[in-house]
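# Overview (structure and organization)
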Amino acid sequence: MQSTSSTTEPYSPPSLKPLFLLLVPLMPLSLLVTSHSSSTLSVQWKAPAGQRDSYMVSVSEEGSAATRSHIPVEKTSTNITLVGLTPGTCYFIAVWSLAGPYNSASQNTTGCTAPAAPANLTLKNTGSSSVLYTAWSEAPGRKDHYRLILYYMMPPGMKRVQVVGPSTQDFNWIGLPAGNQFAVQVVTVKGKTEAHSSIITEWTCPLPATSVQMWNERLPDRLQVAWTPASGSLHGYELNLHCSGCRTVAAQVFVGGDATNFTFSGLTPGARYWFEIISLSGPYRASAGNISDWTSPLPPHTVTLSNQGHPDQLSASWKPPAGEQEGYALTLYYAGSGTVAAKTSVQKGATDFTFLGLLPGTKYLLEVSSLAGPYRISARNVSDWTYPLVPRKLSTVVEKSNPALSVSWGKPLSKPERCQLQLWHPGNSTMLQNHTLAPWQVQHVFQDLVPGRNYSVSLSCISGPYKSSSETVVIPIELTEVKNLQCFPDVTSFFLNWTIPEGDIKTYELAVENFPRRVLHQPVHHLAVSRAEATLAELTPDSSYQILINAVGKNGLRGPSVSMICNTSVEVLPPPVLEDIPEFDASARVIISPDMFSEENGRIEYYGVVVTTNESCKYLL
């Protein structure tokens, strides 16, 4: 224990011859002890009358019978400061006047040091939204207890007080509102004296927002977010938007604590974004976690559908839209019923696709959609037809009896109602008959054809703007035979006529041959006539001829030949010139010279000599 003292000037009487007598000094007066800190006491007194050699201050701790220390003080001093005392401790103080062997003491006065304030006070957030942790170093000296005071820094400015034992060095404040700022102070209490620590502040963590939602309203550059505000207090929210695959934040926005929704705009179409909402209170943040959604993709553009000449294929192509997408969905519908014919999906880099195995001659609708997450945005549907499928070759049979033409093909066509079997006049490309096929039909007969004509027939099917045809087959129709052929002979000629057969007749061909026909013998006549009659002249009288006639159509095809045998008439010869009648006897002979008749008399196969008498007639051959 140390002490400090102060001096005053003593009163000096007039100088006399001293007479030395030792008397008991008077005790100090008006002893006053005051505390100025946790380790000092200030002691003051008044000097009594009389003399003394010095003063002595005795110090004893309360509750202890032993004197802690005795401190000498010069006789000129009337105060002393006691230092190095124990905080929060009461002491018995007495001041003694000393004179030689004599002394006198004042009455004991009690003085108490103030308790020491707690040191190293901390207030920590342990990551909880409702708990703060307080800790401090134990205050030296004596104390009755600690009083902990927690102040609410936000209106209405309440406080909580908690008393703990003198050996306690930490405390958890629980049940605090989230996102609030608090101040804490720890007071050391000893009797009626207190020592206050410094005041420090801290925040409870805010609570995260709840019911966080994110969606798009079919807009390619916007996303909407909404949430339910967290309970407790907070400064506001930090809204972070990250795009998938990006290394930077796509958008960061701060909104007030009363906000419940926000719309992000100017985003990339068809991209996936991650949204995080963070509650802010002081230096602390509470994230509600990440949720994600996609902006709607833009539809592909310049979509086309083309058959490229195939009866069972359609090729689709498109151009990628701006922005992002995960790929494309292609759906092919039957145009009539709207049912799905085929569907597929392709990667984002694809720009074309070919559908195979389709029905020939069928109209299809194509829908191409951009895909982004759960969203698919379709371009306007386009359509096209597969080429109709027709047999390349037709089988034809001409029925001569009617006449009629039978046309057949391999198997039924897929869309017969769009197919027509057409009969044409090849000369002037005039369509004569047009037959629409019925289901499952594989044959058709064209009736009432005209003999002598050529016909062309083809099978064509139409699908939308496309037409596909089989080969064109040219079929000549043969004329029928001529009817009622008649021969009217004369000596050296025939007159022939006949009934004109039905059809287009170009001419009639006649061939006249000797009958019976001789080997290597050429026809006597071979001619063509345009009418149903003819005269054949320069024939041999009384001769048999075979006449062959057939009609020739305008298509150049000859009809069946008709033949008949016709004889020229016998020539009636003029009587020979009478000459002198010769006399005949029984041995007489008649000689006929070969030049007796001229060539004008025709061909003579035998001669007859007639000898007559008045009584009888004989023929000599």
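Read on for a plain summary of the structure. Starting afresh in each chain, residues are numbered from 1 along the sequence in its written order. This being a predicted model, a pLDDT of at least 70 is required before a residue's local features are given, and a value of 80 or more before pairs of side-chain atoms are given or counted; all residues contribute to the totals for chains, interfaces and linings. Only hydrogens and water are set aside when side-chain values are computed; all heavy atoms of the structure are taken into account.

## So, the overall build of the protein chain
So the rule is basically this: Elements are defined by DSSP. Helices are runs of H or I of four residues or more, strands are runs of E of two residues or more, and each kind is numbered from the N terminus. Buried means the residue's accessible area, taken with a 1.4 Å probe over protein chains only, is under 20% of the maximum for its type, while exposed means over 50%, and partly exposed covers the values in between. Whether two residues touch is decided by their heavy atoms; if any such pair falls within 4.5 Å, the residues are in contact. Surface accessibility follows the Shrake-Rupley procedure with a 1.4 Å probe radius. Residue values consider only the protein chains on display as shielding.
On a plain count of helices and strands, the protein chain comes out with 0 helices and 48 strands. Looking at the 621 residues of the protein chain, the share that counts as buried comes to 38%. Long-range pairs, those at least 24 residues apart, make up 61% of the contacts in the protein chain with a sequence separation of at least 6. Accessible area for the protein chain stands at about 34900 Å²; split by element, carbon and sulfur atoms hold 52% of it.

## Some thoughts on the sheet that holds strand β18 (residues 223-228)
For clarity, the cut-off: Here a strand pair is declared whenever DSSP counts at least two bridges between the two strands. Orientation is described by axes fitted as lines to C-alpha atoms, over the contacting stretch for helices, and by angles from 0 to 180 degrees between their N-to-C directions.
Pairing is antiparallel across the open sheet formed by 3 strands, whose spatial order is β17-β18-β21. Looking at the sheet topology across the chains shown, the edges are occupied by β17 (210-215) and β21 (261-264). In this sheet, adjacent strand axes meet at a mean angle of 10° when their direction is disregarded. Note that β17 and β18 share 4 bridges and pair antiparallel.

## Things to note about the packing of aromatic side chains
Any two aromatic rings considered together are summarised by their centre-to-centre distance and by the angle between their planes. For clarity, the cut-off: Aromatic rings from Phe, Tyr and Trp, with only the six-membered ring used for Trp, were paired whenever their centres fell within 6.5 Å, and each pair was classed as stacked if the ring planes differed by under 30 degrees, edge-to-face if by over 60, and tilted otherwise.
The tally for this structure, following the rule as stated, stands at 14 aromatic pairs. Centroid distance Phe488 to Phe495: 6.0 Å. Interplanar angle 35°. Geometry classified as tilted.

## Examining the environment of Val450
With respect to the helices, strands and loops of the structure, Val450 is situated in the loop between β36 (443-446) and β37 (454-463). C-alpha of Val450 to C-alpha of Gly503: the two residues are 53 residues apart in sequence and 5.1 Å apart in space.

## Observations concerning the nonpolar core
Keep this limit in mind: To form a nonpolar core, buried Ala, Val, Leu, Ile, Met, Phe, Trp, Tyr and Cys residues must be joined to one another through side-chain atoms within 4.5 Å.
Within the largest apolar cluster, 22 residues are counted, with the highest numbers of intra-cluster contacts made by Val482, Phe494, Leu496, Trp498, Tyr508, Leu510 and Ile549. Secondary structure elements with two or more residues in this core: β40 (483-489), β41 (494-499), β42 (505-514), β44 (533-536), β45 (544-553) and β46 (562-567). In this structure Val482 touches Trp498, Thr499, Pro501, Tyr508, Ile549, Ala551 and Val562, once residues within four positions along its chain are discounted.

## Looking at the side chain of Asp384
Where we set the bar: Asp and Glu are treated as the negative residues and Lys and Arg as the positive ones, with His and the ends of the chain left uncounted. We define a salt bridge as a contact between a side-chain nitrogen of Lys or Arg and a carboxyl oxygen of Asp or Glu at a distance within 4 Å. The term polar contact refers here to a pair of N or O atoms within 3.5 Å; inside protein, the definition further demands a hydrogen-donor-capable atom paired with an acceptor-capable atom, and it admits residues adjacent in sequence only when both atoms are side-chain atoms.
Within the element layout of this structure, Asp384 appears in strand β31 (residues 382-385). This buried residue, Asp384, is left without a salt bridge; Lys363 holds the nearest opposite charge, at 8.7 Å. A polar side-chain atom of Asp384 sits 3.2 Å from the main-chain amide nitrogen of Asn307. For Asp384, the side chain forms a polar contact with the side chain of Tyr466, separated by 3.0 Å. Once residues within four sequence positions are removed from consideration, Asp384 is found in contact with Leu305, Ser306, Asn307, Leu314, Thr362, Lys363, Tyr364 and Tyr466.

## Let's talk about the pairing of strand β23 (residues 284-294)
Both strand β22 (residues 272-281) and β23 contribute to a ladder of 9 bridges, which runs antiparallel. Along β23, the bridge assignment pairs Leu280 with Arg285.

## Some points on the state of the cysteines
Linking two cysteines covalently through their sulfur atoms gives a disulfide. To keep things clear, this is the line we draw: When two cysteine sulfur atoms are found within 2.5 Å, that pair is recorded as a disulfide.
Evaluation of the coordinates by the stated rule reveals 3 disulfides. Through a disulfide, Cys90 is tied to Cys112; the S-S separation comes to 1.7 Å. Taking the sign of the S-S torsion, 95° for the link of Cys90 and Cys112, the bridge is right-handed. Here the residue Cys90 occupies a position in strand β6 (residues 90-99), and Cys112 occupies one in strand β8 (residues 109-112), the gap between them amounting to 22 residues.

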